[in-house]
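# Survey of secondary and tertiary structure
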Amino acid sequence: MESGTDKSPSGLKEYIKAALKHDFKNLSVISAISASSREEADEELISLIKTLAEEYGEYISAAEKIVGELAESKRQIEELLEYKNLQEENLMKSRGLYSAIITNMADALIVIDGDKKIISFNSAFASMFMLDPGLFIKENCPGLILGMSIESVLGGGIIGLVNNVFKSYADTSAVPDGEKLFSSEISLGGGRTGRAMATPMFVKPSAAGPSQPVSDKSARIFSGAVITVRDTTEEKETESMKSDFIRLMSHALKAPLTSVIGFSEIAHKKFTESILPLIDTEDKKIKKISGQIEGNLSIIAEEGKNLASLISDVLDIAKIESGNTGWKEENFSIRPLIDYSMKLTSSLFQQKGLSGELEIEEDLPEAFGDKEKYTQIIMSIISNAIKHSNEGTIKLAAESCENGIMITVADCGAGITKEKAEKLFDKFRPGGDAFSDGSSGTGLGLHVCSHIIKHYGGKIWVESEESKGSTFRFTVPTGFRSSCKPHADVI
Amino acid sequence: MPKVLIADDEPHIRLLLEQTLEDLEDEGLEIIVAENGAEALKAIKENKPDMVFLDVMMPKMNGFEVCSEVKNNLKIQGVYIILLTAKGQEIDKLKGMESGADMYMTKPFNPDDIINKVREIL
């Protein structure tokens, strides 16, 4: 604090100065100019000026701090803006990528909400179903179809598929643990066919919008379905060609074999019944040759039969590998299959003078798979049991087990040695000598049976002892299952 | 005189069946042959055979169609139809049963089984 005399033009001659300090630095000076002399300035005024100087200093400090904080905030905002712009850019890129993927998908994609209204789709959807372009672009408004009920746009099989999804999942209190893939063959526009697959869509209960898929399965609300459709016209045509080829091969191979086996058997029979008795048995050479002819004709017939059996197995496997068999996924009761198989094989039982005994557990759960294929398997195993039994009873049982339902077919035949039993389900097992009675299997080969059973998650095995019969057992899965693995990776 | 119709488009199969059954001809069996489905249907209508060995894969009409026509539409009584085919899948047997066939035998067949079946039915 200083004071002095000044002769200003206004005539003011006294003043008081106080340093304005901030952060121990002199920033400025507060001056009080007075007409009074220093001596006349009272202490109160001086004190006021000192206080003012200190307060201004504090104000400047505070202002400077605020300016610093504002600068920091500005920097943070700029960083956030930069981050936001980057995120927006990434989001746009992702959207563009996903949009490009969805747009360029060969498969049609349709997403519907919980009211079955279309909320997303791609261009393949329009072209595959040959929909009216007016539904998509009208008065520069692409996506007019959005919000329309799928039932008002499509019909037929795809609606049935959607209804199945809603039937299974629309009741949120009963959402199954597993997510099932619903699949169906449907008709597309222009006489083409396709395979539609539908899966349920879930959102978080607290999600603001329906576009927030969740991974937490425990907190989910059914909110619609995602449907994809693949045009399978060409695949079906290829399958049809393969099927025709297999059918042709089956006929082309078996018809001449029938002649080979049949004529050799007739020749053998006529030779042994009509020619052999007339041959001079005293001539050793003639005797030897006639014996050889008889033996050779038997060999032709037996080898022909083995070849026929092998061809059947090859064709069955070819059918499976070509995808011609189709793998149905349905729930069914085992009991009618067993009854039906027993009915169809009844003539075989009669021919061999055998009896059948059934032991079916009451209230068996529903089996899962392709009931036609399981019918084939049951019939094949029963046929094998009959073939290898000459007397007694063939027992067929079905009971619940850990892996579903276990079906048992026990025969009273010659049985199989342990080492042969281990190879019984191998691909192209040697025909004719697997069983102790020297006979080969009939119907579906055991390898094919095994393949089908394994496809549906079951297993097949045999328990046997030579001369004590064989017991074949296999399991059939039960209850609800998600879609099976593709057949192509099984063989 | 009992009659058996053999219907198959394969000449060797027809010959095989004829030779298989020729012993029964001496016992009075009459054998009729047809080379396709339409011919088989005509022969069934005209000759009313007691038994028919009917191939499935034949030109003009397949065996399932001939069998269904005879059993379900014409309702010709007393004819025992055996579908005889290379199609060995059990599901094809089911189709055969649905068409009304009395029996389904797969190729290659055993000639003795053929003779035994004819003796059993006739």
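What you see is a predicted model; the values in this text were computed from it and never measured.

Below, the discussion takes up unusual backbone geometry. Residue and element names in this part refer to chain B. In this chain, lysine 107 is followed by proline 108 through a cis amide linkage whose omega measures 0°. You can see proline 108 is positioned in the loop between β5 (103-106) and α5 (111-121). At lysine 48, a position not held by glycine, the phi torsion is positive, near 45°. Along the chain, the position of lysine 48 falls in the loop between α2 (37-47) and β3 (51-55).

Turning to the sheet that holds strand β5 (residues 118-121) of chain A, a few remarks are in order. Residue and element names in this part refer to chain A. Strand order in the open sheet formed by five strands is β5-β4-β10-β9-β8, with antiparallel pairing between adjacent strands. A strand with exactly one partner marks an edge of an open sheet, and here the two such strands are β5 and β8 (182-187). Across the sheet, the mean angle separating the axes of adjacent strands is 25° when strand polarity is ignored. The sheet contact formed by strand β4 (residues 108-113) and β5 spans three bridges and is antiparallel. Looking across to β5, one finds that isoleucine 112 is bridged to isoleucine 118.

It is worth spelling out the interface of chain B and chain A at this point. Every contact between the two is made by 26 residues of chain B and, on the other side, 26 residues of chain A. Counting the surface lost from both chain B and chain A, the interface buries some 2,300 Å², and carbon and sulfur atoms represent 62% of this. The tally of links from chain B across to chain A stands at two salt bridges. Salt-bridge contacts for lysine 269 of chain A lead to aspartate 112 of chain B; the nearest nitrogen and oxygen are separated by 3.5 Å. Our count for the chain B to chain A interface comes out at two residue pairs in polar contact (both at pLDDT 80 or more). Broken down by secondary-structure element, the contributors of at least two residues to the side of chain B that touches chain A are α1 (11-25), α4 (90-98) and α5 of chain B. Here the side of chain B that touches chain A takes seven residues from α1 of chain B, the largest share from any one element. Across the side of chain B that touches chain A, the residue classes break down as 13 nonpolar, six polar and seven charged.

Thresholds, definitions, all that
Residues numbered from 1 in each chain as written. Chains lettered and ligands numbered in written order. Predicted model: local features only at pLDDT ≥ 70, side-chain atom pairs only at ≥ 80, totals over all residues. Heavy atoms only, no water. Helix = DSSP H or I, 4+ residues; strand = E, 2+ residues; numbered from the N terminus. Pairing = 2+ DSSP bridges. Axes fitted to C-alpha atoms, helices over the stretch in contact; angles between N-to-C directions. Contact = heavy atoms within 4.5 Å. Buried area = accessible area lost by both parts, 1.4 Å probe. Salt bridge = Lys/Arg side-chain N within 4 Å of Asp/Glu carboxyl O. Polar contact = N/O pair within 3.5 Å; in protein donor to acceptor, adjacent residues only side chain to side chain. Nonpolar A, V, L, I, M, F, W, Y, C, P; charged D, E, K, R; others polar.

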